[in-house]
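# An overview of the molecular structure
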Amino acid sequence: MSLDLDARLVALDEAVRVADGRLEPEEVGAGRRVIEKAGARLGLGIESTVAALAGPTGAGKSLLFNALSGGDAAAVGRRRPTTSEARAAVWGDGADTLLDWLDVRMRHRVDGDGLEGLVLLDLPDFDSVETAHRLEVDRIVELVDLLVWVVEPQKYADAALHDRYLRPLRRHADGMVFLLNQADLLSASEAGALRDDATRLLGEDGLRDTPVLVISALTGLGLEELRSLLVERVAARDAAVARLAADVEAAAETLRRWCGDMQPPGVRKEQRERLVAALSEAAGVPRVVEAVGEAHRRRGALATGWPFVRWVRRLKPDPLRRLRLGEGGGDGERFGRTSMPPATDVQRAQVATAVRALADEAGAGLPPPWPRLVRASAASDEARVLDRLDHAVGTADIEPSAPRWWWVASMLQRLVAAVFGVGALWIALAGVAGLLRIEDVVPLPERNGAPIATWLVVIGLAGGLLLASLTRLVNAAGARRRRRSAERALRPGIEAVADELVVGPVERELAAHETLRRSLAVATGDEDRTARAP
Amino acid sequence: MTPELPGALRRLRDDLAALRLDLELPDAAHARRARDDLVGQTDDYLLPRLEQMKAPVLMVVGGSTGAGKSTIVNSLVGAEVSPAGVLRPTTRGPTLVCHPDDLRWFDDDRILPRLPRATGGPPTPGTLLLVPAPEVPAGLALLDSPDIDSVLSENRALATQLLAAADAWLFVTTAARYADAVPWEFLATARERGTALAIVLNRVPGDAEREVTAHLQEMMRAQRIDAVLLVVGETHLEQERLREVDLRPVRRWLDGLAADAQARAELIRRTLTGALRSLPGRAGAVERAGAEQLAAAADLRSEADLAYASARQEIEDALRSGSLLRGEVVARWHEVVGTGELMRELQSRLASLRDRLASVVTGREMPSDQLREAVEHRLEAVVRAAAERAAERAALAWSERPAGRALVETAPGLSQASMELRSETREQVRAWQGHVMELVRKEGSSKRATARLASLGVNGAGFTVMLAVFASTGGLTGLETVVAGGTSAVGHKLLEALLGDQAVRALAARARDDLVDRVDRILRNEADRFAGLIEGRVPEAEAVARLHTAIDGVRRAS
């Protein structure tokens, strides 16, 4: 068997797998049937060539069958329709399993006369009032390697023949022969005109390459030509493969209508960026970032603020803790939800719109049903998206780090607080002693025109406040920095959600389309039409 | 047959012709053909025949390609009036042969009004060639029709039309053809319509005459075909004509008919009665198809309505939940209040002018403009998402139905919101904001307005009413988010007090109704894209009812 058919079958098989559940079930099923049929037919060997005599009632199929097989196995009659069951003539040995597969029971053997390997079938008609005949013909026409159409001058232009069979079989032009029987009723010039007209009609059907022979089964006119044509095809043993290749091509071409000729643009960076922005908004990233800054300022004030008032800050809860954030420490381990307020309708709407826009643009230019498929792949469960966003925010490492200088500042604050304390205690003791009129127990030495104790209080107080306002400024700057880094820390989690739940599925769907398009191009034997979208 | 019959027929014909059956239901193509057949038969045959019972018998020679219709007509006339030959199909234009005295019956548009007449030259498709021939007996006209089964589909359509216009069929088949499926479908039609029928079995080989004739008769009995059977043997033609001896059965039958006026009248009446009797049933089938179209259209409409009703619900829920208040909107409102813009507006318009100048110079937007935009963005996002979802849902529901599927395919982009949605939403939201301002301006001067609201000025009061719309029912939840947003307690207190204000509530209720109206309008425009596709493809309910009455009318009159 030819490598080409093998490769095409593999390609069609892949295409059918991808198309399953995406394209029209009927057409996908037709492709699958072709693959199954090809497997069965190739398994039965291509030593035998199956040719079928098909045609309308009264065309002389059975007469021709008898003339070719040299017997009177087929009943010939005037009463229409005559033949009601397919019958086989086998040249040479074997072919029994092949005929079992074809489900043809009536068989008879013909001694080889140059046509060894030929299995000739005489079919019932397809145009009489007996619909069962038509069904039998439809079944066998699908399976045989060579189709020999037998018509007569009255019927060669019938719609039943051209519309139902020839036009749909236009890919099998090489595997068909068109016989104009009953030439004995015509003059030579009439026969020539008839032959030209039949060739014209076949050309309109797309069957320019199908040979047209004028014969008479009654007188034997043209039978030699037919026989040598059959000998040639049987000896070449290529009819089965050619037929299957044409079937593969037809099935692939049918599916290909849904694929278009170009690659869609795919997910663009700007669209992904827009989606990430909408997801960030829905995940409450601005609020988290705000809380990180707030938390840093609060913790900084607690560590480095003026010791005598900084405890007031403890009365308000830590904004990060309030949202139940930053507890996971970025190790991905986390159970339960954060206490972030749920995404609002507006935010959800913005996410939905961003998802749709991304899917629509990624699949732009694709024929139906792909835009719908791409959209469906992107629009996953909304609740799941929100849940994953919450998890991403909850597990991100956004805990603001405590800077080392806080310890120094804290020490300094304690120092100036101690200075203040010593001064204050000194003054207090001196005051108490003064009240008790105990002189000179607590000395109050002066320096630069004021008692040292007063200096201590003033320096302690001013130093503390100065230090507090200085650290406040530095902490504000630190909060800004930490907000930025929290934003950076949150982004990968949000991006992961976008990629996993939206961008990934969309790209997978587009990849499926591309696989289908490529494998169908191989299956139709036409790999050049792979133009890219501009 | 009553004198009212022609009028009733004309009414039925007009009602049928006006009946649209353009939804692609499984049997819609069949129903359309039946409708066109009925209209055609009424025009081509029933009305002319009822008016002129004395007109000659129109005998249409029909049958398969290659059966020898033209050869028989030529042989009967004794002249080449219709070309015959071995190439199929031979006859492409119909030829009418009649006695010269009868020509007047056929050269106007009494029958077959849509086929232009020709009086010379070869038969051409699309015209009816009239050939006067003295050999044809008076009172009988032969019409050589194109075939019923060749690859030329226009031949089939014309043959069907001509056969419907016939007083009698001379149906030609052959020994090779008589068991074909297609001719028997036509014969079954003739039986249903009660058309008078004669079958010519042509080209019968001498040795097969008995067997084939017997089989054909058997088939005719089985199919309940009541017809004269005329057998013509297979012979070599002499100058393209059948020999007189072979043609004798046909000629004898025709001559007998021509000589017997009584028999002719009988034949005409038989076909006419049959056709009239078949009419109500056939028209009834078309009426049922019309009703099915109506039902399918209603089903499609309700699917689209359902999708957009849920979109409306979605938007209303968003309005009610107070979620539009979160974040920016309230922050901007506080800015409007906080910057003292309101106060300044109250105190002096000059100050606000200065502010505006400053905003032009610095390029910064006024807080009130920012608030306006924030409201606009939020509303737009919600409306857009809801409209997208509705379009997707409606398109999906439609494509699950055969009729809807064909419609969706004709309108790409139906599964998405319309292109105009964005601009239309913006326009409506802006108009709504203008309306709210207008409302506040009008009500502000009335007695019902409270001092607190009036103190905010038109701008501030307007924005407050907008906020109240978004917080109208879920008001408190809306306010909680304000606290969470970390805004000043003073601003919060002010807002809380304002939202509790009776006047604000009353205004908010009216503003809300207006907003819902506008959203409705937007969604209706979106939904109309679906409804518009159905429009003009289905009959109106009255048209189907009218057809029913017309059918009854014909039944009573005939």
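Above this text sits the structure in question.
Definitions and limits used
Residues numbered from 1 in each chain as written. Chains lettered and ligands numbered in written order. Predicted model: local features only at pLDDT ≥ 70, side-chain atom pairs only at ≥ 80, totals over all residues. Buried ≥ 20, exposed ≤ 12 C-beta atoms within 10 Å, placed from the backbone. Helix = DSSP H or I, 4+ residues; strand = E, 2+ residues; numbered from the N terminus. Pairing = 2+ DSSP bridges. Right-handed = clockwise from strand over helix to strand, strands pointing away. Axes fitted to C-alpha atoms, helices over the stretch in contact; angles between N-to-C directions. Expected span 1.5 Å × (residues − 1). Bend = angle between axes of the 7 residues up to and from the residue. Parallel < 35°, antiparallel > 145°, perpendicular 65-115°, else oblique. Contact = placed C-beta atoms within 7 Å. Nonpolar A, V, L, I, M, F, W, Y, C, P; charged D, E, K, R; others polar.

### What to know about the pairing of strand β2 (residues 87–91) of chain A
All names here are of chain A.
- Within β2, five of the five residues are buried, which leaves it mostly tucked inside the rest of the structure.
- Alternating residues of β2 divide into Arg87, Ala89 and Trp91 and Ala88 and Val90, and every residue in both groups is buried.
- Sheet topology places β2 next to strand β3 (residues 106–110); five bridges connect them, and they run parallel. Bridged to arginine 87 within β3 is methionine 106.
- Of the crossover connections in this fold, the one passing from β2 over helix α4 (residues 96–102) to the parallel β3 is right-handed.
- Bridge analysis of β2 against strand β4 (residues 118–122) gives four bridges, and the strand direction is antiparallel. Residue alanine 88 lies in a different strand from β4, and its bridge partner there is leucine 121.

### Observations regarding the sheet that holds strand β1 (residues 49–54) of chain A
All names here are of chain A.
- Taking strand neighbours across the sheet as the criterion, the seven strands line up as β3-β2-β4-β1-β5-β6-β7 in an open arrangement whose pairing is mixed. At either margin of the open sheet sits one strand with a lone partner, and together these are β3 and β7 (212–214). Averaged over all neighbouring strand pairs, the angle between strand axes comes to 20 degrees, with direction disregarded.
- Here four bridges tie β1 to strand β5 (residues 146–151), and the two strands are oriented parallel to one another. Paired with alanine 51 across the strands is leucine 146, a residue of β5.

### Re helix α2 (residues 28–51) of chain B
- Taking 1.5 Å of rise per residue, 24 residues should cover 34 Å, and α2 of chain B covers 33 Å from first to last C-alpha, within 8% of that figure.
- Its axis deflected by about 45 degrees at threonine 42 of chain B, α2 of chain B carries its strongest bend there.

### Observations regarding the packing of helix α9 (residues 261–320) of chain B against helix α21 (residues 541–557) of chain B
Residue and element names in this part refer to chain B.
- Packing of α9 against α21 leaves a shortest axis separation of 10 Å and a crossing angle of 170 degrees. Considering their axes alone, α9 and α21 lie roughly antiparallel with respect to each other. Taking contact as the criterion, the partners of Leu279, Pro280, Ala283, Gly284, Glu287, Gly290, Ala291 and Leu294 in α9 are, on α21, Ala541, Val544, Leu547, His548, Ile551, Val554 and Arg555.

### Things to note about the environment of aspartate 22 of chain B
Residues and elements named next belong to chain B.
- Within the secondary structure, aspartate 22 sits in the loop between α1 (5–17) and α2.
- Given 16 C-beta atoms within 10 Å, aspartate 22 falls into the partly exposed group.
- Linking aspartate 22 and alanine 188, residues 166 residues apart in sequence, is a C-alpha distance of 27 Å.

### Things to note about the sheet that holds strand β8 (residues 228–233) of chain B
Residue and element names in this part refer to chain B.
- If you walk across this open sheet you meet the eight strands as β3-β4-β2-β5-β1-β6-β7-β8, and the pairing is mixed. In this open sheet, the two strands that pair with only one neighbour each are β3 (117–118) and β8.
- In this sheet, strand β4 (residues 128–132) lies alongside strand β2 (residues 95–98) in parallel orientation, the contact comprising four bridges. Note on β4: the bridge partner recorded for leucine 96 is leucine 130.

### Things to note about the interface of chain B and chain A
- Contacts between the two partners involve 40 residues from chain B and, on the opposite side, 37 residues from chain A.
- When contributions to the side of chain B that touches chain A are tallied by element, the ones reaching two or more residues are α6 (181–193), α7 (209–222), α9, α13 (367–399) and α18 (475–484) of chain B.
- Ranked by the residues each element gives to the side of chain B that touches chain A, the list is headed by α13 of chain B, at seven residues.
- For the side of chain B that touches chain A, the per-class residue count stands at 19 nonpolar, 10 polar and 11 charged.

The analysis is restricted to geometry; functional conclusions fall outside its scope.
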